[in-house]
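# Structure assessment
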Amino acid sequence: MNLYLRYFDRETLVSDVEEALDFLSSIPEIGLNPDLEADIRDYVASDVCYPKRYKVRQRVYFIIIKTTAATMEDFKEKKAVRQMSPVIEKHDLAASVMTRLTEMQPGWYEGALDFKRVVMIPATGKHEYRDTHFVAQCKANSGQDCYARIVDYLRSRVDGRSQFPSAKGKNFHFKYLGMWK
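Residues numbered from 1 in each chain as written. Predicted model: local features only at pLDDT ≥ 70, side-chain atom pairs only at ≥ 80, totals over all residues. Heavy atoms only, no water.

### Thoughts on the sheet that holds strand E6 (residues 127-140)
Strands sit in the order E6-E5-E7 across an open sheet of three strands; the sheet is antiparallel. Of all the strands in the sheet, just E6 and strand E7 (172-178) have a single pairing partner and so form its edges. With direction set aside, neighbouring strand axes in the sheet form an average angle of 20°. (Pairing = 2+ DSSP bridges. Helix = DSSP H or I, 4+ residues; strand = E, 2+ residues; numbered from the N terminus. Axes fitted to C-alpha atoms, helices over the stretch in contact; angles between N-to-C directions.)

### Points about a nonpolar patch on the surface
Taken together, the side chains of Trp 108, Leu 177, Met 179 and Trp 180 define a hydrophobic patch exposed on the protein surface, amounting to about 380 Å² of accessible area. Structurally, the position occupied by Met 179 is in the segment after E7. For Met 179, a relative accessible area of 54% translates into the label exposed. (Patch = residues over 30% accessible without salt bridge, like charges linked within 9 Å, V, L, I, M, F, W, Y side chains within 5 Å. Areas by Shrake-Rupley, 256 points an atom, 1.4 Å probe, with all protein chains shown as cover. Salt bridge = Lys/Arg side-chain N within 4 Å of Asp/Glu carboxyl O. Buried < 20%, exposed > 50% of the residue type's maximum accessible area, 1.4 Å probe, protein only.)

### Description of the side chain of Ser 142
Mapping Ser 142 onto the fold places it in the loop between E6 and helix H5 (143-155). The buried category is assigned to Ser 142, whose relative accessible area is 5%. Once residues within four sequence positions are removed from consideration, Ser 142 is found in contact with Leu 101, Thr 102, Glu 103, Met 104 and Tyr 109. (Contact = heavy atoms within 4.5 Å.)

### Re the environment of Ser 162
With respect to the helices and strands, the residue Ser 162 is situated in the loop between H5 and E7. Each C-alpha atom, one on Ser 162 and one on Lys 116, is 5.6 Å from the other, the two residues being 46 residues apart in sequence. When neighbours within four sequence positions are excluded, Ser 162 is seen to be in contact with Phe 115, Lys 116, Arg 117 and Val 118. In terms of polar contacts, Ser 162 uses its side chain to reach the backbone amide nitrogen of Val 118, at 3.1 Å. Of the polar contacts made by the side chain of Ser 162, one reaches the backbone oxygen of Asp 159; its length is 3.0 Å. (Polar contact = N/O pair within 3.5 Å; in protein donor to acceptor, adjacent residues only side chain to side chain.)

### Observations concerning the confidence of the model for the chain
Interpretation of this model should avoid reading the predicted coordinates in detail wherever pLDDT is low. For the chain, mean pLDDT is 86; residues scoring 70 or higher make up 89% of the total. Within the chain, helix H4 (residues 90-102) has the poorest average pLDDT of any element, 66, and H5 the best, 93. (pLDDT = per-residue confidence, 0-100.)

### Re the pairing of strand E1 (residues 2-7)
Strand residues, when the strand is regular, have side chains that alternate between the two faces of the sheet. Summarising burial for E1: five of the six residues are buried, a large majority. Two strands pair when backbone bridges link them, and E1 and strand E4 (residues 60-67) are joined in this way by five bridges, in the antiparallel orientation. Residue pairing across strands places Arg 6 opposite Ile 63, the latter belonging to E4. Here E1 folds back onto strand E2 (residues 10-14) in antiparallel fashion, the turn holding two residues, of which Phe 8 has a positive phi close to 50°.

### Details of the nonpolar core
One finds Leu 5, Leu 24, Ile 30, Ile 40, Tyr 54, Phe 62 and Ile 64 to be the most contacted residues of the largest nonpolar core, which totals 18 residues. Sorting the residues of this core by element identifies E1, helix H1 (17-25), helix H2 (34-45) and E4 as the ones contributing at least two each. Sorting elements by how many residues they give to this core places H1 first, with five residues. Residues Ala 136, Cys 146, Leu 154 and Phe 174 belong to the second largest nonpolar core, which totals 17 residues. (Core = buried A, V, L, I, M, F, W, Y, C linked by side-chain atoms within 4.5 Å.)

### Description of the packing of H1 against H2
One way to put it is that H1 packs onto H2 with a least axis distance of 10 Å and a crossing angle of 145°. Where H1 crosses over H2, the two elements pack in a sense that is right-handed. Two secondary-structure elements touch here, H1 through Val 17, Glu 18, Leu 21 and Leu 24 and H2 through Glu 37, Ile 40, Arg 41 and Val 44. Of the residues belonging to the contact of H1 with H2, the class tally is five nonpolar, no polar and three charged. (Left-handed = near helix turned anticlockwise from the far one by under 90°. Nonpolar A, V, L, I, M, F, W, Y, C, P; charged D, E, K, R; others polar.)

Given below as structure tokens:
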């Protein structure tokens, strides 16, 4: 694993932490001290792969990036970009969520919904929104049907001004519990 270091227009690609520290010590503004040196050594020895930024002074930083690039040209052309995990397009991810939500599988579902419930404060007589977590088990044909049943149930029991999230959002979760009898 090589290290790319940059401070304004000064940059280098080195193969070990000693070369990196030599580069940084050649820049007087950075002020390499034992604490900074120890932190850089810890970062290089760790399994962390994201770039690390070090503050020199207000709004002035230098950066260290771990890379598999053998030369500066390879690094600049991004030939040695490390892939952390397979890249999943947002569109594909949304499509899979929608597919799972609308997949027809009759049975028992458990749905959890976080919504904004309007409640009255008895002391003042005013109303306010409160974050409310609601979990229910119901018979349904799909995740979407489970969501619809839960929201229909809640609409008849809470203030009409309460706000319910979308079934596609992060505030609704469901799981299939099994076939009904």
